[in-house]
Amino acid sequence: MNKKIQTAVVGTWILLISLVLGSIHSWHFADYSPKKSSFMDFKDAVEETENFGVIHFLTPACSCSTEIFNRLIRRGPLKAEYAKESVVVIDDNQQEFSKNLLKKGFRAQKFSSQEIQKKFNSSIKGVPLLMIYDHTKTIQYIGGYSQNLINPLVQINIMNFIEKIKKGQELESLPVRGCSVSKEYQKILDPLGLKYKEDKV
C-alpha cells in the first residue's frame, strides 16, 4: 500500500471517529427544553388539584429517565396535601416503568413516541421532563430537574420547586438533558443511527 492510500485510509478513519465522538457528545449535552411559547400545548395534561400538580415525562430507553424513575420508586408519590403527582411513560413496551409505578401508588399513563408527539403538538423534544402546575391549572414550570446531567450524585428535590412557586418566585427552566423523543431531533443528533434505532426512542 503506497503512502497516498495509507494517508487516505488514516484520514477517513480519523474523520469517522470524530463524527462518532461528536455524535455521542451531542447526545449528552443537547438541551431538549420546550419553548415558553409551547406551554399551552401541555394544557390537556393538567388536571384538577387542590394544591399543585407534578407530572414527570420519562422513558425506559433513557438512562437519565431511569435515574429519575428509580428515585420516584424509592420515595413514593408526594403527599396529597402537597401535590398530585403522576408520570407519563413513553415507549414503555415491556411495561417496565408503568407496572412498578402503579404498584408504588403513582398515577401513570403510557404513550408511544408517536402518540406523545401528536398529543403535545411535538412540543416534547426529550426526557426526563418535569412539569408543575398550580390549583388554577396554570403551568408554573416545564423543564429539567437539574442544571447538571442526571446521575446518582445529582441532588433533586421537587418540593424545593414547589416551595419557590408558593413564595411567588418565577422559576427559570433548567435544561432538559437526556434522550430525544422527537424523530426529527434524533436524525439531527444521531445521523449514523448509533443510539436512536427504529425500535428505540
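See the structure above.
This structure is a prediction, so every number in the text was calculated from the model and none was measured.

Along helix H3 (residues 96–104), the positions that sit buried rather than exposed are Phe97, Ser98 and Leu101. Buried positions in H3, seen along its axis, are confined to an arc of 95° and lie on one side of it. Where H3 is buried, its residues touch strand S1 (52–58), helix H2 (63–75), strand S2 (83–90) and strand S3 (107–111). Where H3 ends, the next residue or the one after it, Gly105, has phi of about 105°, a positive value.

Attention now goes to the environment of Glu85. Tracing the backbone through its elements, the reader meets Glu85 in strand S2. Overall, the relative accessible area of 5% leaves Glu85 in the buried class. With 30 residues separating them in the primary sequence, Glu85 and Ile55 have C-alpha atoms 5.9 Å apart. A polar contact is formed between the side chain of Glu85 and the side chain of Arg75, at a distance of 2.6 Å. A distance of 2.8 Å separates the side chain of Glu85 from the backbone nitrogen of Leu78, its partner in a polar contact.

Next up on the list: the packing of H2 against H3. One way to put it is that H2 packs onto H3 with a least axis distance of 10 Å and a crossing angle of 20°. In terms of orientation, H2 and H3 fall into the roughly parallel class. Note on packing geometry: the crossing formed by H2 with H3 is left-handed. Residues Ser65, Thr66, Phe69 and Ile73 of H2 form the contact with H3, whose own contacting residues are Glu96, Phe97, Asn100, Leu101 and Lys104. Looking at the contact of H2 with H3 residue by residue, the class counts come to four nonpolar, three polar and two charged.

Conventions used here
- Residues numbered from 1 in each chain as written.
- Predicted model: local features only at pLDDT ≥ 70, side-chain atom pairs only at ≥ 80, totals over all residues.
- Heavy atoms only, no water.
- Buried < 20%, exposed > 50% of the residue type's maximum accessible area, 1.4 Å probe, protein only.
- Helix = DSSP H or I, 4+ residues; strand = E, 2+ residues; numbered from the N terminus.
- Arc of directions from axis to C-beta.
- Contact = heavy atoms within 4.5 Å.
- Polar contact = N/O pair within 3.5 Å; in protein donor to acceptor, adjacent residues only side chain to side chain.
- Axes fitted to C-alpha atoms, helices over the stretch in contact; angles between N-to-C directions.
- Parallel < 35°, antiparallel > 145°, perpendicular 65-115°, else oblique.
- Left-handed = near helix turned anticlockwise from the far one by under 90°.
- Nonpolar A, V, L, I, M, F, W, Y, C, P; charged D, E, K, R; others polar.

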